[in-house]
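Fold and geometry: a report
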Amino acid sequence: MTNHLTQEIARPRPATAGDVEEAPAVQHTEISVRPDEFRQRGPVEHKEKTFELNNVSVSYGKARAVNDVTMDIFHQNITALIGPSGCGKSTLLRSLNRMNDLIPSARVDGQLLYHGADIYGPKVDPVQVRKVIGMVFQKPNPFPKSIYDNVAFGPRTTGIKGDMDEIVEKALTRAGLWDEVKDRLDDNAYGMSGGQQQRLCIARCIAVEPDVILMDEPCSALDPISTGRIEDLMLELKERYSIVIVTHNMQQAARVSDMTAFLMVELTADEKSRWGELIEYDDTTKIFTNPGDSRTEDYISGKVG
Amino acid sequence: MTMRGVVASSAGAGETPRRSLEAPSPRYGEKAIKVFLAACGGLSVLVTTGIVLSLAFGAIDFFREVPVHEFLFGTNWAPSFTPSHFGVLPIVTGTLNIVFWALVVSVPVGLASAIYLSEYAPNRVRKTIKPMLEILEGIPTVAIGLFALMFLRPLAADVLPFLDWGGVHSIGVAGVAVGLLIIPLVASISDDAMRAVPRGLREGAYALGASKLRVSARVVFPAAISGIVAAVVLAVSRAVGETMVVLLAAGARAQITANPTDSAQTMTAYIGQTATGEIAFGTVAYYTIFAVGALLFVMTLIMNLFAIRLVRRFREVYE
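On a predicted model such as this, the values are computed, not experimentally measured, just so you know. All residue numbers here refer to positions counted from 1 along the written sequence of the relevant chain. Written order determines the labels here, with chains lettered from A and ligands numbered from 1. For a predicted model such as this one, the threshold for reporting local features is a pLDDT of at least 70, and the threshold for listing and counting side-chain atom pairs is 80 or more; totals across whole chains, interfaces and linings nevertheless cover every residue. Only hydrogens and water are set aside; all other atoms, that is, all heavy atoms of the structure, feed into the side-chain values.

Here we look at helix 2 (residues 28–65) of chain B
- Helix and strand assignments come from DSSP, with helices taken as H or I runs of at least 4 residues and strands as E runs of at least 2, each series counted from the N terminus. By this rule the span expected of a helix is its residue count minus one, scaled by 1.5 Å. Taking 1.5 Å per residue as the helical rise, helix 2 of chain B with its 38 residues ought to reach 56 Å, and the 55 Å between its terminal C-alpha atoms agrees with that figure.
- Of the positions making up helix 2 of chain B, those classed as buried are B:Leu55, B:Gly58, B:Ala59 and B:Phe62. Burial classes: relative accessible area under 20% of the type maximum marks a residue as buried, over 50% as exposed, and values in between as partly exposed (1.4 Å probe, protein chains only).

Topic: the nonpolar core
- Remark: nonpolar core denotes a set of buried residues (Ala, Val, Leu, Ile, Met, Phe, Trp, Tyr, Cys) joined through side-chain atoms within 4.5 Å. Counting residues in each nonpolar core, the largest one holds 100 residues, and the members touching the most others are A:Phe51, A:Leu53 and A:Met71.
- In terms of residues, this core owes the most to one element, helix 7 (residues 171–195) of chain B, which gives eleven residues.
- In this structure, A:Ala80, A:Val151, A:Cys205 and A:Cys219 belong to the second largest nonpolar core, which totals 48 residues.

Regarding the interface of chain B and chain A
- Listed per partner, the contact involves 21 residues of chain B and 25 residues of chain A.
- As a working definition, buried area equals the accessible area (1.4 Å probe) given up by two parts on being put together, with both sides summed. Overall, the association of chain B and chain A removes approximately 1,900 Å² of surface from exposure, summing both partners, and the carbon and sulfur fraction of that is 62%.
- When the buried surface of chain B facing chain A is broken down by residue, B:Ala207, B:Leu208 and B:Arg214 rank first, second and third, together holding 31% of it.
- By salt bridge we mean one thing: a side-chain nitrogen of Lys or Arg within 4 Å of a carboxyl oxygen of Asp or Glu. For the pair chain B and chain A, the number of links is one salt bridge. Any two residues whose heavy atoms approach within 4.5 Å are treated as being in contact.

What to know about the packing of aromatic side chains
- Stacked, edge-to-face and tilted labels apply to pairs of Phe, Tyr and Trp rings (six-membered ring for Trp) whose centres lie within 6.5 Å, assigned for plane angles under 30 degrees, over 60, and everything in between, in that order. Evaluated as defined, the whole model comprises 13 aromatic pairs over all chains.
- Note on B:Phe62 and B:Phe86: the rings are 5.5 Å apart at their centroids and 75° apart in plane angle, and the pair reads as edge-to-face. Of the two residues, B:Phe62 is situated in helix 2 and B:Phe86 in strand 2 (residues 85–86); the sequence distance between them amounts to 24 residues. Accessibility classification places B:Phe62 together with B:Phe86 in one group, the buried group.
- Pairwise contacts between aromatic rings join B:Phe62, B:Phe63, B:Phe71, B:Trp77, B:Phe86 and B:Tyr270 into one cluster.
- Here, over-ring charges are defined by two tests on the NZ atom of lysine or the CZ atom of arginine: distance to the ring centre within 6 Å, and angle to the ring normal within 35 degrees. Across from the ring centre of B:Tyr120, 5.6 Å away, lies the NZ or CZ of B:Lys212, which sits over that ring.
- Over the ring of A:Phe153 we find B:Arg214; its NZ or CZ atom is 5.1 Å from the centre of that ring.

Focus on the side chain of A:Thr79
Residue and element names in this part refer to chain A.
- Positionally, Thr79 belongs in strand 3 (residues 78–82).
- Thr79 sits in the buried class, given a relative accessible area of 0%.
- Leave out the neighbours within four places in its chain, and Thr79 touches Met71, Ile73, Ile243, Val244, Ile245, Met259 and Tyr281.

Thoughts on a negative patch on the surface
- Patch definition: residues with relative accessible area over 30% and no salt bridge; like charges joined within 9 Å; nonpolar side chains (Val, Leu, Ile, Met, Phe, Trp, Tyr) joined within 5 Å. Using a 1.4 Å probe, accessible areas were evaluated by the Shrake-Rupley method; residue-level cover was limited to the displayed protein chains. The positive count covers Lys and Arg only, the negative count covers Asp and Glu only, and His and the chain ends enter neither. A charged residue contributes its charge at one atom only: NZ of Lys, CZ of Arg, CG of Asp or CD of Glu. Residues A:Asp163, A:Asp165, A:Glu166 and A:Glu169 make up a contiguous surface patch of negative charge.
- By relative accessible area, which is 43% here, A:Asp163 ends up partly exposed.

Some points on unusual backbone geometry
Residue and element names in this part refer to chain A.
- The backbone of Gln76 shows a phi angle near 55°, a positive value even though the residue is not glycine.
- In this structure, Gln76 sits in the loop between strand 2 (63–74) and strand 3.
- Judged by its relative accessible area of 21%, Gln76 is partly exposed.
- At Glu209, a position not held by glycine, the phi torsion is positive, near 55°.
- Relative to the assigned elements, Glu209 resides in the loop between helix 8 (194–206) and strand 7 (212–216).

A word on the packing of helix 8 (residues 199–206) of chain B against helix 9 (residues 212–223) of chain B
All names here are of chain B.
- Relative orientation of the contacting elements helix 8 and helix 9 amounts to 140°, with a least axis distance of 10 Å. Note on packing geometry: the crossing formed by helix 8 with helix 9 is right-handed. Of the residues in helix 9, those in contact with Leu201, Arg202, Ala205 and Tyr206 of helix 8 are Lys212, Val215, Val219, Val220 and Ala223.
- For the contact of helix 8 with helix 9, the class distribution of residues is seven nonpolar, no polar and two charged. To get an axis, a line is fitted to the C-alpha atoms, and for a helix only the part in contact is used. The angle between two axes follows their N-to-C directions and goes from 0 to 180 degrees. Each crossing is labelled by how the near helix is turned from the far one, with a counterclockwise turn of less than a right angle marking it left-handed and a clockwise turn marking it right-handed. Gly is put with the polar residues, along with every residue not named as nonpolar or charged; the nonpolar set is Ala, Val, Leu, Ile, Met, Phe, Trp, Tyr, Cys and Pro, and the charged set is Asp, Glu, Lys and Arg.

Considerations on the layout of surface pockets
- What the largest pocket holds in volume is close to 660 Å³.
- Forming the walls of the largest pocket are 23 residues, and the residues nearest its centre are A:Leu102, A:Pro104, B:Ser118, B:Glu119 and B:Lys212.
- Of the residues contributing to the lining of the largest pocket, the split by class is ten nonpolar, three polar and ten charged. For each structure, a 1 Å grid was placed over the protein atoms alone; sets of points admitting a 1.4 Å probe that cannot get out are labelled cavities, open sets with protein on both sides within 12 Å along at least five of seven lines are labelled pockets, and lining residues have an atom within 4 Å of a point. Grid points are joined across faces, edges and corners, and a volume is the space filled by probe spheres set on the points.

This is the structure:
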C-alpha cells in the first residue's frame, strides 16, 4: 500500500491543484504537495546533533502550550516545523534560543541540549545563546536605521573584530542583497520592499555568524518571488548553518526541508484544555509521501487544519 | 439578517425588492451634536486668540513708552523704581538659569526612570510606580516651593558648605526643585513613547545577542526619540512657566548671574509678584507685565517650533 502510494506521488504528471483532488486512483490520501515540488535530494545525512530535545514542554503561566516534545535536530539540515495554528510550533522554536525568556510567564520544562550543553543550564547566559542561535521573524523587523547600520548592529553588539565595511558587504552578499543595495547603504531600511527587508533581516542575522538560524514563518508576509529567493537562500545557507523553520506553507516545507516535524493541537489528559504535541518527526520525503500517523496524513492532504 | 429575509422572500415572489434609500429622519440631533462639538473645539482656539490679543495690546501700550531695543537688550531691570529701567535681560537670564538647573535634574532622572519603567520593571512594579509618579506631578507647586525654601536650601548648604550661600534664596535650589517637579512629566511621556516602540524591534535586537541595556539604548531609545524630545520640550515649557516655586525659592532680585547660590528673579516671578502687589492701572509698570508676558509667549512659541523641526529631523520612522 505504502509503496504504491510513493510511486503514485513520484510519477511525474501534469499537475494542477484540481487534478489532485479529482484523482480517485490515490486511495487513502490526497497529498496536496505535488511531486515536482520536491527538491532533488539524496538520502538525508544525519550529521552531528545540533539540538536534542528530551521531553520539552513550554508553558505560559499555568497554560501549557507545547507538551513533551522529544526530537533531535541535525547539523547542516533544514528542519521544518509544521502544524495548524496554535499547535505551539513558534513557541517551540522560540524556546531554542531562549526568546521565550522575554515573556515573564513563560517556563520551559524538560531537557534542551545544544551540542550536548543544556541551553537552560544555570550558568548559561541567554544573551550568549542568542549570539550563537540567531532568529528571523515572521514580519520583517529591520531597525529604523540605515541599511548599513542594520547589518552592523549585530557585529557591533557582539564585538566582532575586523573591518566593518567588509563584514557588512559579506553578510549582504550572502543574503543575496548586495547588488540591490550597494549604492544606497545609507538609506533607511524602511524604504526597501518587504522581501528586501526580510533578506536584510537574514543578512543582519548572519552578520553575527551564528551556528543556527531559527526562522519563524519567514515568508508568510512575502510574495511568491521573494519567497522563492529566500528559499534559495536557505538552501545555500544550509551549507554552513543548521536552519529550523516554522512554516504554514506545506509546499515550502516540502521544497526546502530535510526533516519535518508535524505538531498538532491535542486535548490535554484531563480533556479540559488543549496543547500542542509532536505527532511525527521524520525525513521530509517520508512525512509527505508515506506518513506514519493518520493525523499527519490528514493534515498534509488538507483534510484538517 | 432582516435584509436576507427580505431578499429571500421577495425573490420567492419573483419581485425586485424596493427599499427606500433616503434617510428615515432629518437627524437634527446629530447635527446639533456636531455643532456643539465644533463649538467646544473652537472655544479653546478662541481663548488662545484672546490671550494672545490681550498680551499684544498691553505690550503695544508698553512699547509706546519704552523703545523695543532698550527692553530687549537692556541689562538693568527696575520697572517700579524712579528712575525706572526696563532692560529685560536680567529676568530672562533668571528664567534660563532655572530652566538649566531644572533640566540638569529632570532629564537624566526622568529618562532613566522611563527606561526602567518601560524596559526593566516587571509589570506589577510599573503599575505601582507610574500612578505614584503621576501623583507627584499633581502636588501643588506652592508646596514644592516651600519644600525648596525650608528643606532643600538648608540641605544644600549642609551638603555643599564650600559654596558661598548668601541669602535664603538660590536659583540653583529653585531650579532643582522645579526639576523635581517635572521629573514625572519627562518620565511619563518618555515611558509612553518607548513602550509604543513595536515589540518586533526589541525581539530583532535581542535575537542578535544584544543585552537589555543595548536594546534599550540603541534600538528603543532612538526609535522613541520624537516622543522623548517632545517630553523634554514640554519640560522646558513647564520650567519656563513655573511661577510659585521660583517666587518662593529664587527670590526677587533681578540680576544677571550664573552663580547657582545667588538669588535671581525670573520672568514669571516678576509677573506674579507685580500683579499681586499694588499697581496702578495704565502706568508703565502696569503695561510691563504684558510686555514680559508677551515675551514669555514668544519664547515658548519659538521653542515649540524648534522642537517640531528637531523631531522631524531625528525621527526614526517605524511601521
